[in-house]
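Topology and contacts: notes
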Amino acid sequence: MSKTVIIFFGPPGSGKGTQAELLVKKTGWKKISTGDLLRFEVAAGTKLGKLANKYLGKGKLVPDRLLIDLVDKGLRGRARGFIFDGYPRNLKQLKDLLLMFKKRIKLSDPVYAFLVAVSDAEVKQRLGERRSCACGAVYHLKYNPPINDGICDICGKKLFTRNDDKPKVIAHRLKVYHQQGKPIIDYWQKQGKLIGINGEQPIAKIHEEIMARLKELKLI
Ligand code: AP5
């Protein structure tokens, strides 16, 4: 049985996580979000979490070697498809991922990267008003508010502001994205596997566009 791999790529706050979650709901494919996995490790107080926390709060990339096991573990199992959110983020991670693919999926399995394009100004606006939940749900005070103020619609827990959603840290995350992201975009483009999406549209419209592209490619 073939497995589909979709990789969401784009600047912080472009809506990768939001779109990945909507796609999970529609397809039942497995989401591999390195940001969520790392935050889970931090919350659980593991050795990895303690190490990672030094980077997350500053908006710096966690060292590549710390992510290999997390991602490879995610790729095991019987899922019919995988949805990547936030990995790979630099050339080394791309090479690591391609090696993992050799072990975990077939050469003929479809792999596509969706580039969710959003301006830096929009990123700053979005992240300033993002609210998150420990269960992984993400809201925006204006564009995607919870039904009850400050409370997660899904699990009822109290929402919080991520500690990397501060103006200075957001600026650093954007800098890292612009410095390290280009080779990844170039790679998928050369492979003919890059699908550009205008991320400055309503959430539902972007989701429809992604679903339409997946249908065209006969992946759903
Ligand atoms: P991670 O959690 O992956 O953060 P990120 O890539 O910076 O992306 P975000 O989660 O901030 O944004 P998003 O694009 O998912 O947008 P979202 O859907 O939430 O990583 C955090 C940190 O972990 C990194 O800085 C690093 O330290 C570490 N890390 C993670 N992966 C790593 C890796 N591979 N290597 C090394 N280190 C790693 O949406 C944002 C907001 O906008 C929300 O409020 C949402 O409701 C709203 N919104 C979404 N779509 C729309 C829309 N279309 N219109 C209006 N609002 C929208």
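Structure shown above.
This one's a predicted model, so the numbers in the text were calculated from it and none came from an experiment.

For the rest of this paragraph, the subject is the overall build of the protein chain. Per the secondary structure count, the protein chain includes nine helices and seven strands. In summary, the protein chain has a C-alpha radius of gyration of 17 Å against a globular reference of 17 Å for 220 residues, a match within 12%. In the protein chain, which comprises 220 residues, the share counted as buried stands at 47%. The contacts of the protein chain with a sequence gap of at least 6 include a subset with a gap of at least 24, amounting to 70%. Measuring between centres, the 43 positive side-chain charges of the protein chain sit 5 Å from its 21 negative side-chain charges.

Relative to the 20 Å expected for 14 residues at 1.5 Å per residue, helix α5 (residues 91-104) spans 20 Å between its end C-alpha atoms, a close match to the ideal helical length. Buried within α5 are the following residues: Gln93, Leu94, Asp96, Leu97, Met100 and Phe101. End-on, the buried residues of α5 take up no more than an arc of 160°, which puts them together on one face. Facing away from the buried side of α5, by more than 90 degrees, are the exposed residues Lys95, Leu99, Lys102 and Lys103.

Mapped onto the secondary structure, aspartate 164 falls in the loop between β6 (138-140) and α7 (167-180). Each C-alpha atom, one on aspartate 164 and one on glycine 57, is 5.2 Å from the other, the two residues being 107 residues apart in sequence. Every residue in contact with aspartate 164, bar those within four places of it in the chain, is listed here: Leu56, Val169, Ile170 and Arg173.

To describe a pair of aromatic rings, you give the distance between the ring centres and the angle between the ring planes. With the rule as written, the count across this model stands at four aromatic pairs. Ring plane angle 40° and centroid distance 5.6 Å describe the contact between phenylalanine 9 and tyrosine 177, whose orientation is recorded as tilted. Placement of phenylalanine 9 in strand β1 (residues 4-9) and of tyrosine 177 in helix α7 is noted, with a sequence separation of 168 residues between them. Of the residues examined, phenylalanine 9 reaches a relative accessible area of 8% and is grouped as buried. Taking the centre distance of 4.9 Å and the plane angle of 75° together, the rings of tyrosine 187 and tryptophan 188 count as edge-to-face. The ring of tyrosine 112 carries lysine 193 above its face, with NZ or CZ at 4.7 Å from the centroid.

In this structure, the second largest pocket encloses a volume near 310 Å³. As for the second largest pocket, its lining consists of Leu98, Phe101, Lys102, Ile105, Lys106, Leu107, Asp109, Val111, Tyr187, Trp188, Gln191 and Lys193. Of the residues forming the lining of the second largest pocket, the biggest block, three residues, is contributed by α5. Class assignment of the residues belonging to the lining of the second largest pocket gives a composition of seven nonpolar, one polar and four charged.

Attention shifts here to the nonpolar core. Core analysis: the biggest nonpolar cluster contains 30 residues, and Val5, Ile7, Leu75, Phe84, Leu97 and Phe101 have the highest contact counts within it. Breaking this core down by element, the ones donating at least two residues are β1, α3 (47-56), α4 (65-75), β3 (81-85), α5, β4 (111-117) and α8 (182-190). Broken down by element, this core gets its largest block of residues, five residues, from α4. Those residues in contact with phenylalanine 84, other than ones at most four positions away along the chain, are Val5, Ile6, Ile7, Phe8, Ile32, Val71, Leu75, Leu97 and Phe101. Counting 17 residues, the second-largest nonpolar core is a separate cluster that includes Ala20, Leu23, Val116 and Ile206.

Here we come to the packing of helix α2 (residues 34-44) against α3. Between α2 and α3, the shortest axis-to-axis distance is 7 Å and the interhelical angle comes to 120°. In the packing of α2 onto α3, the handedness of the crossing is left-handed. The segment α2 lies against α3, with Leu38, Arg39, Glu41 and Val42 engaging Leu48, Gly49, Ala52, Asn53 and Leu56. For the contact of α2 with α3, a count of residues per class yields five nonpolar, two polar and two charged.

Backbone torsion omega between tyrosine 87 and proline 88 reads 0°, so that peptide bond is classified as cis. In this structure, proline 88 sits in the loop between β3 and α5. The backbone phi angle of lysine 218 is positive, close to 60°, even though this residue is not glycine. If you trace the backbone, lysine 218 turns up in the segment after α9 (203-216).

What counts as what
Residues numbered from 1 in each chain as written. Predicted model: local features only at pLDDT ≥ 70, side-chain atom pairs only at ≥ 80, totals over all residues. Heavy atoms only, no water. Helix = DSSP H or I, 4+ residues; strand = E, 2+ residues; numbered from the N terminus. Rg over C-alpha atoms; globule rule 2.2 N^0.38 Å. Buried < 20%, exposed > 50% of the residue type's maximum accessible area, 1.4 Å probe, protein only. Contact = heavy atoms within 4.5 Å. Lys, Arg positive; Asp, Glu negative; His and termini not counted. Charge placed at Lys NZ, Arg CZ, Asp CG, Glu CD. Expected span 1.5 Å × (residues − 1). Arc of directions from axis to C-beta. Phe/Tyr/Trp six-rings, centres within 6.5 Å; stacked < 30°, edge-to-face > 60°. Lys NZ or Arg CZ within 6 Å of the ring centre and 35° of its normal. 1 Å grid on protein atoms, 1.4 Å probe; cavity = no way out; pocket = protein on both sides within 12 Å on 5 of 7 lines; lining within 4 Å. Points joined across faces, edges and corners; volume = space filled by probe spheres on them. Nonpolar A, V, L, I, M, F, W, Y, C, P; charged D, E, K, R; others polar. Core = buried A, V, L, I, M, F, W, Y, C linked by side-chain atoms within 4.5 Å. Axes fitted to C-alpha atoms, helices over the stretch in contact; angles between N-to-C directions. Left-handed = near helix turned anticlockwise from the far one by under 90°.

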